[in-house]
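Observations on the three-dimensional arrangement
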Amino acid sequence: MAGQITYRSTRGGASGLTFEQAVFEGLAPDGGLMVPDMVPDVSKTFKSWSKLSFADLAFEIASLFCSADEIPHADLREILSRSYKSFTHPEIVPSVKVGDMYIMELFHGPTFAFKDVALQALGNIYEYFLKRNTRRLTVIGATSGDTGSAAIYGLRGKENVECFILFPEGRVSKIQQQQMTSVLDPNVHCVAIKGTFDDCQDIVKALFSELDFKKQYGLGAVNSINWARIMFQITYYFYTYFKLCPQCDGELSFSVPTGNFGDILAGYYAKRMGLPVRHLVCATNSNDILHRFFTSGNYDKRTVEQTCTPSMDIGISSNFERYLFYLFGEDPKKLADAMEGFKRTGKLGVTPEELQHARQDFLSGVAHEGAIGAAIRSWDQLHGYCLDPHTACGVHAANELRASSGWPQVPRHAMVVLGTAHPAKFNEIVNAALGRPPPMPEGLARVQHAPTRFEVLPNAVDSIRAYVEATVAQREISKDGAARAPVVLLGSTPKDPGPPPIQALAEAFGQAKAEQHQTTVVVPMGVEPKAEGPSIGVLPEPCTVGLALPVAAAGRPCDCWGGLWKRFFGN
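The structure displayed is predicted, hence computed values, not measured ones.

With respect to the overall build of the chain
In terms of helices and strands, the chain carries 22 helices and 15 strands. Considering the chain as a whole, with its 571 residues, one finds that 61% of them fall into the buried category. A sequence separation of at least 24 residues applies to 77% of the contacts in the chain between residues at least 6 apart. When the accessible surface of the chain is totalled, it reaches about 22100 Å², and 51% of it is carbon and sulfur.

What to know about the side chain of Glu321
As for its position among the elements, Glu321 is in helix α12 (residues 320–327). When residues no more than four places from it in sequence are discounted, the contact partners of Glu321 are Thr10, Arg11, Gly31, Gly32, Leu33, Leu335 and Met339.

Quick look at the nonpolar core
As a rule of thumb, soluble globular proteins bury nonpolar side chains together. Tyr84 and Phe238 are the most contacted members of the largest nonpolar core, which has 117 residues in total. Examining the composition of this core, we find that twelve residues originate from one element, helix α9 (residues 227–244), more than from any other. In contact with Phe238, not counting residues within four places along its chain, are Val42, Phe46, Trp49, Leu57, Ile61, Ala270, Met273 and Leu275.

What to know about the pairing of strand β9 (residues 251–257)
Counted residue by residue, β9 has six buried out of seven residues, so it is predominantly covered. The pairing of β9 with strand β12 (residues 413–419) spans five bridges and is parallel. Note on β12: the bridge partner recorded for Glu251 is His413. Sheet topology note: the β9/strand β10 (residues 277–284) ladder contains five bridges and is parallel. The residue bridging Ser255 from the neighbouring strand is Val281, located in β10.

Considering the sheet that holds β10
Strand order in the open sheet formed by six strands is β3-β4-β12-β9-β10-β11, and the pairing between neighbours is mixed. Looking at the sheet topology across the chains shown, the edges are occupied by β3 (95–98) and β11 (363–366). Across the sheet, the axes of successive neighbouring strands diverge by a mean angle of 25°, strand direction being ignored. Taken together, the four bridges between β3 and strand β4 (residues 101–105) define a ladder with antiparallel strand orientation. Across the sheet, Ser95 pairs through a bridge with Met104, a residue of β4. Contacting β10 and β11, helix α11 (residues 289–296) crosses the sheet at an angle of about 130° to β11.

Side note on the sheet that holds strand β8 (residues 219–220)
Either a parallel or an antiparallel arrangement is found when strands of a sheet pair, and the pairing is made through backbone hydrogen bonds. Taken together, five strands build an open sheet; the order of strands is β8-β5-β6-β7-β13 and the sheet is parallel. A strand with exactly one partner marks an edge of an open sheet, and here the two such strands are β8 and β13 (455–457). Bridge count between strand β7 (residues 188–193) and β13: three bridges; the pairing is parallel. Among the inter-strand pairings, Val191 is bridged to a residue of β13, identified as Glu455. In this fold helix α7 (residues 197–209) packs onto β5 (137–142), β6 (161–168), β7 and β8, with an angle of close to 150° to the strand it touches most, β5.

Quick word on α11
α11 sits mainly inside the fold: six of its eight residues count as buried. If you check which residues of α11 are buried, you get Ile289, Leu290, His291, Arg292, Phe293 and Phe294. Contacts from the buried residues of α11 go to β10, α12, α14 (352–361) and β11. Looking one or two places after α11, you find Gly297, whose phi comes out positive at around 85°.

Description of helix α20 (residues 461–476)
For α20, with 16 residues, the first-to-last C-alpha span of 23 Å sits near the 22 Å given by 1.5 Å per residue. Among the 16 residues that make up α20, 13 are buried, leaving the element largely enclosed by the rest of the structure.

A short note on the side chain of His279
Inspection of the secondary structure puts His279 in strand β10. The buried category is assigned to His279, whose relative accessible area is 19%. With residues up to four places along the chain from it excluded, the contact list for His279 reads Leu252, Ser253, Phe254, Leu363 and Ser405.

A closer look at the confidence of the model for the chain
Across the chain, the average pLDDT comes to 86, with 83% of residues at 70 or higher. With pLDDT under 50 throughout, residues 480–571 is counted as low confidence; its partners more than four residues away or in other chains account for 155 contacts.

Thoughts on the packing of aromatic side chains
Within the structure shown, the criterion is met by 42 aromatic pairs. With 6.2 Å between their ring centres and 50° between their planes, Phe261 and Tyr323 make a pair best called tilted. Taken as a pair, Phe261 in the loop between β9 and α10 (262–273) and Tyr323 in helix α12 lie far apart in primary sequence, 62 residues in all. Using a relative accessible area of 0% as the deciding quantity, one classes Phe261 as buried.

Looking at the environment of Ser463
Tracing the backbone shows Ser463 in helix α20. Of the residues examined, Ser463 reaches a relative accessible area of 8% and is grouped as buried. Put simply, Ser463 and Ile203 are 260 residues apart on the chain and 9.9 Å apart in space, counted from C-alpha to C-alpha.

Remarks on the packing of α11 against α12
Closest axis-to-axis distance for the α11/α12 pair is 13 Å, and the angle between their directions is 15°. If you check the angle between α11 and α12, you find them roughly parallel. The way α11 lies across α12 gives a crossing that is left-handed. Contacts between α11 and α12 involve Leu290, Phe293 and Phe294 on the former and, on the latter, Phe320, Tyr323, Leu324 and Leu327.

Considering the environment of Cys308
Positionally, Cys308 belongs in the loop between α11 and α12. Expressed as a C-alpha distance, the spacing of Cys308 and Glu369, which sit 61 residues apart in the sequence, is 6.9 Å. Not counting residues within four places of it along the chain, the set of residues in contact with Cys308 comprises Glu369, Ile372, Pro389 and Ile429.

Topic: the pattern of salt bridges
Tallied over the full model, the rule gives 26 salt bridges. Lys158 is the salt-bridge partner of Glu127, the closest N and O atoms lying 3.1 Å from each other. Residue Glu127 is located in helix α4 (residues 115–132), and its partner Lys158 is located in the loop between α5 (146–155) and β6; the two are separated by 31 residues in the primary sequence. Side by side, Glu127 and Lys158 carry an identical accessibility label, which is buried.

About the thresholds
- Residues numbered from 1 in each chain as written.
- Predicted model: local features only at pLDDT ≥ 70, side-chain atom pairs only at ≥ 80, totals over all residues.
- Heavy atoms only, no water.
- Helix = DSSP H or I, 4+ residues; strand = E, 2+ residues; numbered from the N terminus.
- Buried < 20%, exposed > 50% of the residue type's maximum accessible area, 1.4 Å probe, protein only.
- Contact = heavy atoms within 4.5 Å.
- Areas by Shrake-Rupley, 256 points an atom, 1.4 Å probe, with all protein chains shown as cover.
- Core = buried A, V, L, I, M, F, W, Y, C linked by side-chain atoms within 4.5 Å.
- Pairing = 2+ DSSP bridges.
- Axes fitted to C-alpha atoms, helices over the stretch in contact; angles between N-to-C directions.
- Expected span 1.5 Å × (residues − 1).
- pLDDT = per-residue confidence, 0-100.
- Phe/Tyr/Trp six-rings, centres within 6.5 Å; stacked < 30°, edge-to-face > 60°.
- Parallel < 35°, antiparallel > 145°, perpendicular 65-115°, else oblique.
- Left-handed = near helix turned anticlockwise from the far one by under 90°.
- Salt bridge = Lys/Arg side-chain N within 4 Å of Asp/Glu carboxyl O.

Structure representation (structure tokens):
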């Protein structure tokens, strides 16, 4: 089809991909991110969209990046219409005037955070492609709090989808953790990592870079490394413009709380497409690598601080690579060399000319802990409006830039702060600032004391790889049909410090016996099983012997492992 957009890697190692291929690719094989080979210019036509509903506008934008050859227009309309039926506000993302700013409320979806806008749609897009082309999808995502629950709510119960979400132990809010871990659908698997969000994100990228593993398990991404996340978020920039400028005769500026640079990148694409955007304000917390770049031109990694805005506690902003691709003149070699140097040294710099260009694209501001609490209190006292701490970062940055940007004096102009989450998701932070908790929506109240299920694993790629393999194997044995997979025991010797999750394996063996499966046991090379056990039925002869894939302790004692090993496999 003439003019059809294809996708390429920012680092030059892949090109000519279809939309479907780009969505399933996630991270490109060369470590880059997928970008469209052109950004459509709608500056002459976008006004015709001004009266559209949110779902219809989402269709118009998505259809620019995904041709009818891949998803027929009727199907794409139906997918997007269905994606936003779970939102509780008729406008999906309403804008509320507070003082001389507007808050774009992005928290009326099922998990009360902006990630729902993209991930409800992405979950349905995945489901559509999976039904059309029979395959398995193993989603592996990292979350600093909100992506995890939004991804889970978008993928729970989906056929042929396993969803693994990694989150940093003790570094998300209690309600964020409850939202994720209280979803007990069998295809949802939450893992607390003993580390930071950056550690979780590094594990995800490392697994995507293992191309054999990626292909075997059909890895898919829900983080904003997935192009579809950015594409769907473009919609609310256009939608808010039409609501605040119904005659399409004004300009908007957007102050965007951001850690991974995905939300504000969607605004950058909207501006490139022709939306009248005056300023894009990059609002950070104390983990201010982005603010330091836009003020100094230096993108240097530092230790991540734990703050009252956990969803922004990020030291390396993955989506920033997409912006650098454009800043470097769409030169993949220059970008690849810069990212390789950053990986090696933790430092990346740009020329004075490039910095000047970047400052034309973005303003920036930083909100430290005291400023966040002050913004929450101020808006409560002056306007009776309750901010979540992340949105407070956006408010603070917009206020800090009042004088230098002069935005309050610009005619036919409005400053919009993206309200990224409902304040009740950060109940304790808001309570500390105001001396009272925010109102609790029913949907959040329901999960506060709900039963949960999750694993706790070390910060190690090997641990997560083995956990994915063991879990997928365990899930396969419970599926109907003749092509059931055998039970696989991923074992280590008793001397290894990381025993497998015995309870999970015992349940798998019990189910296998009840369904009369033949059991394959995978153990270290050279170890010959020599016993039978009632919980696994009769071992086949000869028993399969292969390379061990150790599974680390899953957050609970497994003292029985040594005895279990001796019983089934000898000393």
